[in-house]
Amino acid sequence: MRNILILGGTTEASALARLLAERGERATLSYAGRVDSPRPQPVPVRVGGFGGAVGLADYLRAQGVTHLVDATHPFAATMSANAATAARMACIAHVALTRPAWSATTGDRWTHVPDLAAALAALDGPARRIMLALGRMHADAFAARPRHFFLLRFIDPPATPPPLINYHLVIDRGPFDMASEMRLMQAHGIDLVLCKNAGGTGAQAKLLAARNLGLPVLMIDRPALPDRLELHAPRAVLHWIDHSADRGV
Ligand code: 3Y8
Ligand code: NAP
């Protein structure tokens, strides 16, 4: 009897959960517990960390998981590293369901930076009006750049206001659409968009909006991820499940 664990938190993870539920597969979707009310799922959900790679390996064995699908966000590098290690420790099949990185096309004005620190360094020039599309977890770092105006977007209202001086906070969750992204940027006089190279469709609307408005984008490239089999479509994971050994890597 197959028993699939999906490490979730992305549009593709939710799509895979739907496909597995439709097939009557035994599957669990796992969230870190970052937000108050994650999207309801058609399979059982577990919330919270496992306690590192060892904790995840123990969970895999205790639950009799046969297939581990790491469908976390490309910036969830710690979870992905733990998943690869734990799958080896527990000797179970492991695959990543991830999205190809976005790449600039005609009309895009992108500048790539390798990480958050480089993005901060790139903002040491004159005052800008910046859409900071990084979520809640990294907003505090931009207190180091007080001359800019920041348009923030969090999923949940923060327990305490961000330690920024000049900002506007929107509470909203994606996926977003291009027209509303354009209205939001124009309403706040945005002249720069700062985001992560998340890939996928759920966060892409702001890039299409920036292109249409002729706005520059500061794009944070992805962190290094472990070597693993990577698939880019939920249906490809179904094929992998049907053809991979239930035990052994
Ligand atoms: C908790 C689970 C689905 C998944 C939807 C995708 C699309 C909408 C766009 C902007 C960018 C950002 C952020 C974003 C998007 C999808 C996807 C995606 C970006 C949920 C979710 C969880 C999280 C965690 C949250 C982070 C934050 C990042 C907001 C669910 C809604 C900025 C990433 O407040 C917090 O602590 C939020 C933290 C990690 C990054 C950060 O550093 O703040 N995602 N997002 C997951 C868990 O607990 O395990 O509630 O559904 C999932 C989604 N967020 O099923 O439809 O697939 O990427 N999420 C980024 O991409 O840059 C928003 O505002 O333009
Ligand atoms: P991270 O930094 O790689 O992970 C930090 C720790 O959080 C992990 O070591 C693990 O704790 C726990 N964790 C992360 N994802 C988990 C999951 N799906 N199920 C159970 N525990 C999980 O991860 P993150 O960047 O904080 O992302 C957290 C979640 O938000 C993930 O589900 C990710 O897919 C989603 N998300 C993140 C982003 C982003 O920009 N980072 C964007 C969209 C969605 P233990 O070590 O205790 O096991």
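Data block above holds the structure.
A brief report on the enclosed structure follows. One numbering rule holds for all chains: residues counted from 1, following each sequence as written. Each chain is given a letter, starting from A, and each ligand a number, starting from 1, according to the order in which they appear as written. Local features are withheld for residues below a pLDDT of 70 in this predicted model, meaning they are given only at 70 or higher, and side-chain atom pairs are given and counted only at 80 or more; totals for whole chains, interfaces and linings count all residues. Each side-chain value is worked out from all heavy atoms of the structure, with water and hydrogens disregarded.

**A closer look at the pattern of salt bridges**
The term salt bridge refers to a pairing of a side-chain nitrogen on Lys or Arg with a carboxyl oxygen on Asp or Glu at a separation within 4 Å. For the structure on display, the rule yields eleven salt bridges. When the shortest N-O distance is used, the salt bridge between Arg 61 and Asp 58 registers 3.0 Å. Separated by three residues within a single helix, Arg 61 and Asp 58 lie in helix α2 (residues 52-63), roughly one turn from each other. Under the scheme applied here, a residue whose accessible area is under 20% of the maximum for its type counts as buried, over 50% as exposed, and between as partly exposed, the area being computed with a 1.4 Å probe on protein chains only. Overall, Arg 61 belongs to the partly exposed group, its relative accessible area being 43%. By relative accessible area, Asp 58 is classed as partly exposed at 42%. Two residues, Arg 211 and Asp 108, come together in a salt bridge whose shortest N-O distance is 2.7 Å. Counting from the N terminus, the helices are the DSSP runs of H or I reaching at least four residues and the strands are the DSSP runs of E reaching at least two.

**Quick notes on the site of ligand 2**
Ligand 2 sits among 22 residues. The nearest are Gly 8, Ser 30, Arg 34, Phe 50 and Lys 196. Throughout this description, a polar contact denotes any pair of N or O atoms lying within 3.5 Å of each other; where both atoms belong to protein, one of them has to be capable of donating a hydrogen while the other can accept it, and for residues adjacent in sequence the pair is counted only when both atoms sit in side chains. Contact distances for ligand 2 include 3.5 Å between a nitrogen atom and a backbone N or O atom of Tyr 31. Only the protein chains shown count as cover for residues, and the accessible areas themselves come from Shrake-Rupley with a 1.4 Å probe. Relative to its free-state accessible area of 810 Å², ligand 2 is covered by the protein chains to the extent of 79%. If you list the elements that add at least two residues to the shell around ligand 2, you get β2 (27-31) and α3 (77-90). Here the shell around ligand 2 takes four residues from α3, the largest share from any one element. Each residue gets one of three labels, nonpolar for Ala, Val, Leu, Ile, Met, Phe, Trp, Tyr, Cys and Pro, charged for Asp, Glu, Lys and Arg, and polar for the others, Gly among them. Across the shell around ligand 2, the residue classes break down as eight nonpolar, eleven polar and three charged. Being near a molecule or strand, for a residue, comes down to having at least one heavy atom within 4 Å of it.

**A look at the site of ligand 1**
Taken together, 30 residues sit near ligand 1, with Ser 14, Ala 32, Arg 136, Arg 153 and Arg 173 positioned nearest. His 73 is positioned such that a nitrogen or oxygen atom in its side chain is 2.8 Å from an oxygen atom of ligand 1. In isolation ligand 1 has 1100 Å² of accessible area, and contact with the protein removes 93% of it. In terms of residue class, the shell around ligand 1 is built from twelve nonpolar, ten polar and eight charged.

**Brief notes about unusual backbone geometry**
For the peptide bond that leads from Gly 174 to Pro 175, omega is -5°, which places it in the cis range. Relative to the helices and strands, Pro 175 is located in the loop between β9 (167-171) and α5 (178-187). For Cys 91, which is not a glycine, the phi torsion comes out positive at approximately 55°. Of note, Cys 91 is situated in the loop between α3 and β5 (93-97).

**Examining helix α1 (residues 11-22)**
Take the residue count of a helix, subtract one, and multiply by 1.5 Å to get its expected span. The end-to-end C-alpha distance of α1, which contains twelve residues, comes to 17 Å, matching closely the 16 Å that a straight helix rising 1.5 Å per residue would cover. Restricting attention to buried positions, one finds in α1 the residues Glu 12, Ala 13, Ser 14, Ala 15, Leu 16, Ala 17, Leu 19 and Leu 20. Whether two residues are in contact is decided by their heavy atoms, any of which lying within 4.5 Å being enough. Packing partners of the buried residues in α1 comprise β1 (4-7), β2, β4 (67-70), β5 and α7 (234-243).

**Regarding empty space enclosed by the protein**
The rule is simple: put a 1 Å grid over the protein atoms alone, call a set of points where a 1.4 Å probe fits but cannot get out a cavity, call an open set with protein on both sides within 12 Å along at least five of seven lines a pocket, and count a residue as lining if it has an atom within 4 Å of a point. Grid points are joined across faces, edges and corners, and a volume is the space filled by probe spheres set on the points. All chains considered together, the criterion is met by one cavity of 30 Å³ or more. In this structure, the largest cavity occupies an estimated 30 Å³ of space. Lining the largest cavity are Asp 70, Thr 72, His 73, Pro 74, Ser 80, Leu 97, Thr 98, Leu 225 and Arg 228. Looking at the lining of the largest cavity, its residues break down into three nonpolar, four polar and two charged.

**A short note on the side chain of Gln 41**
Structurally, Gln 41 is set in the loop between β2 and β3 (45-47). Of the polar contacts made by the side chain of Gln 41, one reaches the side chain of Ser 14; its length is 3.0 Å. Among the polar contacts made by the side chain of Gln 41, one reaches the side chain of Tyr 31 at a distance of 2.8 Å. Apart from residues lying up to four places away in sequence, Gln 41 is in contact with Ser 14, Ala 17, Leu 29 and Tyr 31.

**Some remarks on the sheet that holds strand β7 (residues 129-132)**
Two strands are said to pair when DSSP picks up at least two bridges between them. Read from one edge of the open sheet, six strands run β6-β11-β10-β7-β8-β9, paired in parallel fashion. Of all strands in the sheet, those bounded by a partner on one side alone are β6 (109-113) and β9. When strand polarity is set aside, the average angle formed by the axes of neighbouring strands in this sheet is 20°. The sheet contact formed by β6 and strand β11 (residues 216-220) spans five bridges and is parallel. Opposite Thr 111, over in β11, you have Leu 218 as the bridge partner. Here an axis means a line fitted to C-alpha atoms, over the contact stretch when the element is a helix, while the angle between two N-to-C directions is reported on a 0 to 180 degree scale. On top of the sheet, helix α6 (residues 205-213) reaches β6, β10 (192-196) and β11; it is set at about 155° to β10, its chief contact.

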